[in-house]
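Summary of structural features
The residues making up each chain are set out below.
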Amino acid sequence: MSHDIVLETEALCKYWGGIKALDNMNLAFRANSLHGIVGPNGAGKSTLLNLLCGTYEPTSGRILHNGEAIDSIKPYEFARRGIGRGFQKTNIYPSATCLENCCIAAQRRIGGNFNIFRWRHNDQLLKEIADEALQRVGLGSRRDTVAAKISYGEQRQLEIAMVLATAPSVLLLDEPMAGMGHEESQLIIDLLKNLKSDYCIVLVEHDMDAVFELSDQLTVMVNGQHLVTGTVDEVRDDVRVKEAYLGQGDEVF
Ligand SMILES: Nc1ncnc2c1ncn2[C@@H]1O[C@H](COP(=O)(O)OP(=O)(O)OP(=O)(O)O)[C@@H](O)[C@H]1O
């Protein structure tokens, strides 16, 4: 195993009865880079993310974090290990300020006894972490605004800030650009470009332009199976990928 591989799957499978949502997936995600996951509807992208963050238990196969098997640990232990899943809009408390939302997220990781938070009632430290996360995503000026009052695009930025507040090394993001206009998407693209030098990012995204612009490695999945992994250029030129998207109304390749 190369030393810069943070997260790995070995023959990972998730079956729902007879449905092979994910079948024999072998992937390696590297530090300080962004790995895009694309594929037609029902390809198994969300299933993969749900396995990587511990929400689903694999039917078989292994997940390795820094070389250690973690597929049988509890979901909350994934977060404690620094595997952070993007918060969905539904996780934002609309009546809480952006800062408070990030404090809540930070506290979730801490879970009462996370080592650097052994002190009790250390609100100041929580606030510092939350503040830093907000600054990092460009929401510093919205610190004290309630989440319900910020724009849709800013709410998506807040979701990312909330993951950052959990002090992750891995960021698992499920369609952070969904429902955004071009300008708002560009903000997120710029943000992810900036973040990927510090994190291992796994990005599931339907916006192909964004995926092409951001991915260091790109995996295409079809029907729960791995089709191809490579650089953007390698994947774009692969005839199997064009075939997989044929008739999907997706004319990006
Ligand atoms: N909880 C579940 N129970 C039964 N089948 C499921 C469940 N979750 C997903 N599936 C099935 O597994 C397959 C993969 O679904 P998944 O949502 O992972 O695909 P996806 O690539 O994320 O699709 P999309 O791009 O449409 O979000 C699909 O056939 C789906 O119907």
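Parameters and conventions
- Residues numbered from 1 in each chain as written.
- Predicted model: local features only at pLDDT ≥ 70, side-chain atom pairs only at ≥ 80, totals over all residues.
- Domains from an automatic or database assignment.
- Helix = DSSP H or I, 4+ residues; strand = E, 2+ residues; numbered from the N terminus.
- Nonpolar A, V, L, I, M, F, W, Y, C, P; charged D, E, K, R; others polar.
- Near = placed C-beta within 6 Å.
- Pairing = 2+ DSSP bridges.
- Expected span 1.5 Å × (residues − 1).
- Buried ≥ 20, exposed ≤ 12 C-beta atoms within 10 Å, placed from the backbone.
- Arc of directions from axis to C-beta.
- Axes fitted to C-alpha atoms, helices over the stretch in contact; angles between N-to-C directions.
- Parallel < 35°, antiparallel > 145°, perpendicular 65-115°, else oblique.
- Left-handed = near helix turned anticlockwise from the far one by under 90°.
- Contact = placed C-beta atoms within 7 Å.
- Core = buried A, V, L, I, M, F, W, Y, C linked by C-beta atoms within 7 Å.

The protein chain appears in an unreviewed UniProt entry as ABC transporter ATP-binding protein from Parathalassolituus penaei.

**Regarding the domain arrangement of the protein chain**
In terms of domains, the protein chain is made up of domain 1 (1-82 + 169-253) and domain 2 (89-167). At the level of elements, α2 (75-80) and α6 (182-195) are the ones that each hand at least two residues to the side of domain 1 that touches domain 2. If one sorts the elements of the side of domain 1 that touches domain 2 by residue count, α6 sits on top with four residues. Its residues placed into classes, the side of domain 1 that touches domain 2 shows eight nonpolar, two polar and two charged.

**Looking at the site of the ligand**
Around the ligand, the neighbouring residues are W16, I19, A21, G39, N41, G42, A43, G44, K45, S46 and T47. Elements represented by at least two residues in the shell around the ligand include exactly β2 (19-30) and α1 (45-52). The dominant element in the shell around the ligand, judged by the number of residues it contributes, is α1, at three residues. Looking at side-chain class alone, the shell around the ligand contains four nonpolar, six polar and one charged residues.

**What to know about the sheet that holds strand β5 (residues 68-69)**
The strand order across the open sheet formed by four strands is β2-β1-β4-β5, and the pairing between neighbours is antiparallel. In the strand order of this sheet, the two ends are held by β2 and β5, each with one partner. The sheet contact formed by strand β4 (residues 60-65) and β5 spans two bridges and is antiparallel. Bridge assignment links L64 to a residue of β5, and that residue is A69.

**Re helix α4 (residues 123-136)**
Spanning 14 residues, α4 covers 20 Å between terminal C-alpha atoms, matching the ideal 20 Å at 1.5 Å per step. For α4, the full list of buried residues reads L126, I129, A130, A133 and L134. Considered in projection along α4, the buried side chains sweep an arc of 135° and stay on one side of the axis. Across from the buried face of α4, at angles greater than 90 degrees, the exposed residues are Q124 and E128. At the C-terminal side of α4, G138 shows a positive phi close to 85°.

**What about the pairing of strand β9 (residues 217-222)?**
Among the six residues of β9, five are classified as buried, and the element is accordingly described as predominantly covered. Relative to β9, strand β3 (residues 33-38) runs parallel, the two being bridged by four bridges. Residue I37 lies in a different strand from β9, and its bridge partner there is T219. As consecutive antiparallel partners, β9 and strand β10 (residues 225-230) are separated by two residues, and within that stretch N223 has a phi angle of approximately 50°, a positive value.

**A word on the sheet that holds strand β6 (residues 83-85)**
The sheet built from six strands is open, its strands ordered β6-β7-β8-β3-β9-β10 with mixed pairing. Each edge of the open sheet is held by one strand with a lone partner, namely β6 and β10. This sheet shows a mean twist of 20° between the axes of neighbouring strands, independent of strand direction. Pairing between strand β7 (residues 170-174) and strand β8 (residues 200-204): five bridges, direction parallel. If you follow L171 over to β8, its bridge partner there is I201.

**As for the environment of N91**
Considering the arrangement of structural elements, one finds N91 in the loop between β6 and α3 (98-110). Given 16 C-beta atoms within a 10 Å radius, N91 is considered partly exposed.

**Here we look at the packing of helix α5 (residues 152-164) against α6**
α6 packs onto α5 with a crossing angle of 20° between their chain directions and a minimal axis gap of 9 Å. Here α5 is positioned roughly parallel relative to α6, judged by the angle of their axes. Viewed along their axes, α5 and α6 form a crossing whose handedness is right-handed. Along the contact surface, α5 presents G153, R156, Q157 and I160, while α6 presents E184, L187, I188 and L191. Among the residues forming the contact of α5 with α6, the class breakdown is four nonpolar, two polar and two charged.

**Some thoughts on the nonpolar core**
By size, the foremost hydrophobic cluster in this structure holds 65 residues, and its most contacted members are L52, C102, A130, A161 and A165. Shared between two domains, this core takes at least three residues from each, and those domains are domain 1 (1-82 + 169-253) and domain 2 (89-167). Each residue touching A130, except ones within four places of it in the same chain, is listed here: L99, C102, C103, A106 and A165.

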